[in-house]
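The lines below spell out each chain.
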Amino acid sequence: MNFEFTEEQLMIQKAARDYAQRELIKDVIERDEKAIFPTEHIKAISELGFMGMLVDPKYGGGGMDTVSYVLALEELSKVDASVGVVMSVNLSLVCYGLQEFGTEEQKEKYLRPLTADKHGAFLLSEPEAGSDATSQRTLAEDKGDYYLLNGTKNWITSADSASVYIVIAQTHPEKKHKGINAFVIEKDTPGITLGPHEKKMGMRSSDTHSVMFTDVKVPKENRLGEDGFGFKFAMKTLEGGRIGIAGQALGIASGALERAIKYSKERKAFGTEICNHQAIAFKLADMATAVDAARFLTLHAAWLKDQHKPYGIASAKAKLFAAETAMWVTTEAVQIHGGYGYVADYHVES
Amino acid sequence: MKILVCMSNVPDTTTKIRFKDGNTKFDDAGVQWVINPWDELALTRALELKEGSGGAITRITVANVGLIDTEPTIRKALAMGADDAIRVNAEPLDAYFIAAQLAEVIKKEGFELIVCGIESSDYNNCAVGGMLSEFLQMPSVSSVSALDYINGAISIKREIDGGKEILSSEIPFIAIVQKGISINPRIPNMRGIMTARTKPLKVYQPAAVEPLTEYTVYEMPPAKAACKKISPDNVKELVHLLHTEAKVI
């Protein structure tokens, strides 16, 4: 076993940390409060190469491994999980899907810009098909040389800010999941309209919308893979997507932990810093242990992916545990901050 | 024009400093090493100059005096965008030794502009740049806070009492720069990180130079006393404490 990071992985982690702690942090609270999309930050991290870091250099990407990706996502999400989720959807779902299953023409046309100044969105969820991806109601009727798309997708991350969509839709309802297709579509295609910006509990500066398709014509060459490959495409892509979301949740948890430790060393009660009270020290120890466990699970899933070993179960476990840890650690961090934790200015609230 | 940025490998500025062997050596166990923050800013400025020079500046080299374990830090500089690197294979014993080694490198390689951070955050010697100037008989200016290369000449600004001094110099020249030379150190991009290992890193064997310094003992500075807060309307108490406790007035 090797628990050491490579020199490059450490440099990537530091680059992400430097950007997050120096730039991202400046207006994160305001962006979250007012639901402002981090346009300039996404542009800046694209220029640094983060938005295309997993993509083959042949298409303008960084050619980095998944372990580096987790390290970068954790550091960025420590400060702003909205930036984390935009990057994660772009890389884990859209870029990965195009790179693995797209044709050479599709990669040149759609993947290359996603490593530069554009990013993508992944449209799977529907009002009645979230985790149950087989129940797609969005129809992609085969009209000979094109498909005609009709339906609604819900809770779509980056629906407004993205320029490219990957859309999952049903072509042959009688074949159930074997009739599903995946398409790559430009966002400004006629017939696509957006619902209002969803008012979310958190990560408010990432733009989440429903997306309506009304007689949207999609050329045949925009289908990803063979006819009926869409369900497999979605399952394969989401396996890796879980690593990204685990990395993002890990960042939320470790960011909250760092803030709680810092606060506990500053705040005094009963004549000493509160970190010296066992009630707080035990909490911090439990939080730190959970964050490390989430980190190991996530990095393990990433490592399996990098070794081309099966990683579906590992990535699901990582996402489950990291997300639960993020929920629990952030609640504890708010507790450690006392009344200040409930106030948005203290960041731990978000 | 070719620029050389002299670079120290120093403990991360948040390192907890400990000593070993009866306080005669710095204990480097578990220490994270970084580019000296002043040198990192110097390199950032050098890269900016090259990018804005329209091809007039052809190469940025970083040089470090250190053993092989400094190479990861050197590669950080290459990841930031330096074109190549030189390492003089010797323990950096004191400023005189380092400057003498770097002078040999500069004589061999020939650089028109040499940029040094004003000090290193480990031993705060502040002497390498000035010594280099002497060894090489090359003009130098210290405490440089702005550095430009315009029409083949160096233009610099430095803070002086009550204002700024603007100077220019022909090349070759040594600029000893302080914070402010660049706003923030450059964050390396993915391409830089991935290509750092492929860039040339030349190793020179050290010239025969005897260091002039011997380290006898290390001591920690006295711990800072707790801060006393005095209410802004209680000037009398402040003056009293400054007089009787701090004894500064």
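Comments concerning the environment of S231 of chain B
Residue and element names in this part refer to chain B. Mapped onto the elements, S231 comes out in the loop between β13 (201-204) and α6 (235-244). Taking the C-alpha atoms as reference points, S231 and G130, separated by 101 residues in sequence, lie 46 Å from one another. For S231, the side chain forms a polar contact with the side chain of D233, separated by 2.3 Å.

Points about the domain arrangement of chain A
Often, the extent of an interface is quoted as the loss of accessible area upon association of its parts. Residue and element names in this part refer to chain A. When cut into domains, chain A gives domain 1 (7-114), domain 2 (120-231) and domain 3 (236-346). The straight-line distance from the C-alpha centre of domain 1 to that of domain 3 is 20 Å. Between domain 1 and domain 3, the residue contacts involve 22 residues of the former and 27 residues of the latter. Taking both sides of the interface into account, the surface hidden between domain 1 and domain 3 amounts to around 1,900 Å²; carbon and sulfur atoms contribute 64%. Across the contact surface, domain 1 and domain 3 share two salt bridges. Close ionic contact of R295 with E74 constitutes a salt bridge, the shortest N to O distance being 2.6 Å. Elements with a minimum of two residues in the side of domain 1 that touches domain 3: α2 (28-34), α4 (66-79) and α5 (81-101). Here the side of domain 1 that touches domain 3 takes 10 residues from α4, the largest share from any one element.

Looking at the packing of helix α7 (residues 230-266) of chain A against helix α9 (residues 312-336) of chain A
Residue and element names in this part refer to chain A. Where α7 meets α9, the axes come as close as 8 Å, and the angle between the chain directions of the two elements is 25°. As summarised for this structure, α7 and α9 are arranged roughly parallel, according to the angle between their axes. α7 and α9 meet at a crossing whose hand is left-handed. Across the contact of α7 with α9, the residue classes tally to 19 nonpolar, five polar and three charged.

Let's talk about the pattern of salt bridges
Residue and element names in this part refer to chain A. Counted according to the given criterion, the structure contains 36 salt bridges over all chains. The partner of K78 in a salt bridge is E75, and the shortest N-O contact between them spans 3.2 Å. Pair noted here: K78 and E75 are both in helix α4, with a separation of three residues, about one helical turn. Residue K78 shares its accessibility class with E75, and that shared class is buried.

Let's talk about the packing of helix α8 (residues 278-306) of chain A against α9 of chain A
Residue and element names in this part refer to chain A. One can describe the packing of α8 onto α9 by two numbers: an axis separation of 9 Å at closest approach and a directional angle of 155°. The angle between α8 and α9 places the two elements in the roughly antiparallel class. In the crossing of α8 with α9, the sense of the turn from one axis to the other is left-handed.

Conventions and cut-offs
- Residues numbered from 1 in each chain as written.
- Chains lettered and ligands numbered in written order.
- Predicted model: local features only at pLDDT ≥ 70, side-chain atom pairs only at ≥ 80, totals over all residues.
- Heavy atoms only, no water.
- Helix = DSSP H or I, 4+ residues; strand = E, 2+ residues; numbered from the N terminus.
- Polar contact = N/O pair within 3.5 Å; in protein donor to acceptor, adjacent residues only side chain to side chain.
- Domains from an automatic or database assignment.
- Contact = heavy atoms within 4.5 Å.
- Buried area = accessible area lost by both parts, 1.4 Å probe.
- Salt bridge = Lys/Arg side-chain N within 4 Å of Asp/Glu carboxyl O.
- Axes fitted to C-alpha atoms, helices over the stretch in contact; angles between N-to-C directions.
- Parallel < 35°, antiparallel > 145°, perpendicular 65-115°, else oblique.
- Left-handed = near helix turned anticlockwise from the far one by under 90°.
- Nonpolar A, V, L, I, M, F, W, Y, C, P; charged D, E, K, R; others polar.
- Buried < 20%, exposed > 50% of the residue type's maximum accessible area, 1.4 Å probe, protein only.

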